[in-house]
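What follows is the residue order along each chain.
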Amino acid sequence: MATHQASPDLPPPPTQRGLLRWLRENLFSTWYNSLLTVAIGYWLITTFVPLINWAFIQAVFTGSGADACNPDGACWVFVEQRLGFFIYGFYPAEMRWRPNVVFALFALSVVPQFLPLPAQVRKWLAIFGITGLPVAAYVLISGGYFGLESVPTSRWGGLMLTLILAYVGILAALPIGILLALGRRSEMPVIRGICVVFIEFWRAVPLITILFMASVMLPLFLPDGVTFDKLLRALVGITLFQSAYMAEVVRGGLQAIPRGQYEAAEALGLGYWRRMRLIILPQALKIVIPGIANTVISLFKDTTLVLIIGLFDLLGAVKSTLSDPAWNNVMAEGYLFVAFCFWVFCFGMSRYSHRLEKQLETGHGN
Amino acid sequence: MTTDPRPLRPGRPKPWNDPRVRSVVFQILAIAGVAWIGYSLFQNTVNNMESRGITTGFGFLNETAGFGIIMSLIPYDETMSYGRTFLVGLANTLLVSGLGILLATIVGFIVGIARLSSNWLVAKVALGYIEIFRNIPLLLQIFFWYFAVLGALPGPRQAVNVGDIAFMSNRGIVLPKPIFEPGAWVMGAGLLVALAITVVLAVWARRRQAATGRIFPVLPISLVLIPGLPLLGYLLMGGPVSWDIPALGGFNFRGGITAIPELGALLLALTLYTASFIAEIVRSGIVSVSSGQTEAALALGLPARRVLRLVVIPQALRVIIPPLTSQYLNLTKNSSLAVAIGYPDLVNVFMGTTLNQTGQAVEIVAITMAVYLTISLAISLLMNLYNRAVALKER
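Residues numbered from 1 in each chain as written. Chains lettered and ligands numbered in written order. Predicted model: local features only at pLDDT ≥ 70, side-chain atom pairs only at ≥ 80, totals over all residues. Heavy atoms only, no water.

Caption draft 1: Inspection of the interface of chain B and chain A at higher detail. Between chain B and chain A, the contact holds 50 residues from the first and 56 residues from the second. When the two sides are added together, the surface that chain B and chain A hide from each other amounts to roughly 4400 Å², 75% of it contributed by carbon and sulfur. Sorting the residues of chain B by area buried against chain A places B:Asn135, B:Leu140 and B:Met369 first, and these three jointly supply 13% of that buried surface. For the pair chain B and chain A, the number of links is one salt bridge. Here B:Glu131 makes a salt bridge to A:Arg351, at a shortest N to O gap of 3.5 Å. Those elements that provide at least two residues to the side of chain B that touches chain A are helix 1 (19-51), helix 3 (120-134), helix 4 (138-150), helix 7 (261-288), helix 9 (304-334), helix 10 (346-358) and helix 11 (361-390) of chain B. (Contact = heavy atoms within 4.5 Å. Buried area = accessible area lost by both parts, 1.4 Å probe. Salt bridge = Lys/Arg side-chain N within 4 Å of Asp/Glu carboxyl O. Helix = DSSP H or I, 4+ residues; strand = E, 2+ residues; numbered from the N terminus.)

As structure tokens, then:
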């Protein structure tokens, strides 16, 4: 009797497996997709091959001056030579160890947040970052205490100034924003009205006009003899502007908390502030992490506007170097360098917010 | 029998524990605080202005400005008043914001849809565009386009020549300018007639479809009519339009319409920056429409194009419109960055030059902020009306 012998399965045809299948499904599924793939592929190759050649292969990375540069490639010597100015601005060279210590402390409180350390350690480092770091940074960078020589804010600049503006702006805008949001949701009509007018006013005008106002008009508003530092004026303007945006983000979170949570907290007999601090705000802030991250990123980008009122942030420092006749024709390199710096920070922050969102996910959402 | 010494109902709480009393006290304190801040600001300002000899009032608006502006949509020269400079700046702000909103919406929708494309390469290029442009400061992008790209264009003598009628140089883009001659009104009339026919046709087609279910091809017919009738008018009147073609004369181009490079750079930066945000809004809107909707529509036998137009997009719009409104507002406010490259917008002309010349800081800052407040409120109002029209109607 003949027995039925199953022959082994044949592999799928070549167009149904591996790379070919992927190509067919993802790049050449229909005639117009094939056309698009070819057109975009052509565009990418013709654009990026010369760009990479210019930026890396033909580029000059080290040298003593503009003479070392190659006309066919990027001149990164420019960045290398001026890096000190881009990071510290006019900060005296022999005192740069002070901002460096601050950078190190900043890294110490931020980097561990990404590492698999015990939650307790991360928490205390974060608390240091919010409370101790600004004080330490002020004492070290500004000087005038503990025998450190005082450095006026007019000499601060570069990436250091960008980070100071962003960090202080965020630290100050978040609590003010939360208070404003609570005020806008309050049952007291007068408090609500004040908060609504405040928020809507700051949100409706461009940041530039606020910075102009801070630099031109703030002196008019203050009593005789009280003068404000230019940097501090910019910081006040930026903080008030961003706190209005922060308030709207937090308000969204507060509105998303079900009524039952408010009522349950009240039923427990908690007072208003404890109700908000222990029950409502932790949930509301978790919901709006993406919104807060967006506000933080936009604040970070907006710090560049201070160059319009004459402060030398990173962009301002690079731009002022570009007008130096010793460095003609490094315009694109200069702007690409600044773009890269900002991109790294902003992209990093948006990735961190995604991570935080996942980390805090409790599964109670729907 | 012992009586319970406790009262049946708790007495009124102590005044400092009574929420109603507290609420009134807090509000009175808040009013007093705001009033005090307002009063001291006002008092300080008045004192400071007196001690610096600054006069108040809006009389300066009628004084002669005496400075030139590189671009104005309305007739302007140096002998006109500061009030006129305000209008010039306002018109320029509105021009760049309006064009920016239009272009950013188009680019944003295209990129947002490309991000969902089944073509891997298209989706990744869209993603790369979004991640790059969103994470770089707008001011830097404006500088990049203005100084590094448009500034690197050749001078007028070596201008990039597009078919001998349009030229691109570091002085801007020069395009031919149409000159309408007597008979040109027939073309305008043709356009109006075509538009009227299209509207009537659309209304009739919709009614007929509701009554009989038959579909009338309105779109192809209107696509023929709208350019067709003006063209017919042009031919009938023997070509009543001539073109003022720019030509190189001396050191710059003469004739034609010139778009200054400041406008080009600002528009380019505003469009590309805002479009990267709009793209993400569009994507999230389309993703939010559940796939069951698409499947149900396809199961009804609707063609894919109509599924998108009748089922997906209307539902996505509900998610898209509110954040899109904020992007329009942001774009309008961001147009004030014009001051950094010298495009003569409101902030540059009025809050910059006019303020420096007159010193009327309080009035000028107040007017400028009031203008932006008005624009912002107007855009929100319009978009809220539109939002209400597309919002989900639950009955």
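Past the structure itself, the notes keep going.
Caption draft 2: Structural context of the UniProt feature "transmembrane region" (unreviewed entry) in chain B. Residue and element names in this part refer to chain B. Residues given the UniProt feature "transmembrane region" (unreviewed entry) here are residues 24-42, 54-74, 94-114, 126-148, 184-204, 216-237, 257-279 and 364-386. Helix makes up 100% of residues 94-114 and strand 0%, and the two end C-alpha atoms of the span are 30 Å apart. Structurally, residues 257-279 comprises 83% helix and 13% strand, and the distance from its first C-alpha atom to its last is 32 Å. (UniProt positions renumbered as here; feature names shortened; annotations may be inferred.)

Caption draft 3: Highlighting the packing of aromatic side chains. Taken as a whole and assessed by the stated rule, the structure comprises 27 aromatic pairs over all chains. Aromatic side chains A:Trp43 and A:Phe48 sit 6.5 Å apart centroid to centroid with 85° between the ring planes, which places their arrangement in the edge-to-face category. Ring geometry for B:Phe60 and B:Tyr82: centres 6.5 Å apart, planes at 50°, overall tilted. In this pair, B:Phe60 is assigned in the loop between helix 1 and helix 2 (82-114) and B:Tyr82 in helix 2, connecting sequence segments 22 residues apart. Overall, the relative accessible area of 5% leaves B:Tyr82 in the buried class. Three or more aromatic residues joined by ring pairs make a cluster, and in this case those are A:Tyr335, B:Phe143, B:Tyr146 and B:Phe147. Over the face of the ring belonging to A:Tyr245 we find A:Arg203, whose NZ or CZ atom lies 5.9 Å from the ring centre. In this structure, A:Lys319 is placed above the aromatic ring of B:Phe143, and the distance from its NZ or CZ to the ring centre is 4.9 Å. (Phe/Tyr/Trp six-rings, centres within 6.5 Å; stacked < 30°, edge-to-face > 60°. Buried < 20%, exposed > 50% of the residue type's maximum accessible area, 1.4 Å probe, protein only. Lys NZ or Arg CZ within 6 Å of the ring centre and 35° of its normal.)

Caption draft 4: Fine view of the side chain of B:Thr274. All names here are of chain B. Position of Thr 274 among the secondary structure elements: in helix 7. Overall, Thr 274 belongs to the buried group, its relative accessible area being 2%. For Thr 274, the side chain forms a polar contact with the main-chain oxygen of Leu 270, separated by 2.7 Å. The residues touching Thr 274, leaving out its near neighbours within four places in the chain, are Ala 104, Gln 327 and Leu 331. (Polar contact = N/O pair within 3.5 Å; in protein donor to acceptor, adjacent residues only side chain to side chain.)

Caption draft 5: Layout of the packing of helix 7 (residues 158-184) of chain A against helix 12 (residues 272-287) of chain A. Residue and element names in this part refer to chain A. At a minimum axis separation of 13 Å, helix 7 and helix 12 run at an interaxial angle of 110°. As the angle between them shows, helix 7 and helix 12 are arranged roughly perpendicular. Contacts from Ile 178, Leu 179 and Leu 182 in helix 7 reach Tyr 272, Trp 273, Met 276, Leu 281 and Leu 285 in helix 12. Its residues assigned to classes, the contact of helix 7 with helix 12 comprises eight nonpolar, no polar and no charged. (Axes fitted to C-alpha atoms, helices over the stretch in contact; angles between N-to-C directions. Parallel < 35°, antiparallel > 145°, perpendicular 65-115°, else oblique. Nonpolar A, V, L, I, M, F, W, Y, C, P; charged D, E, K, R; others polar.)

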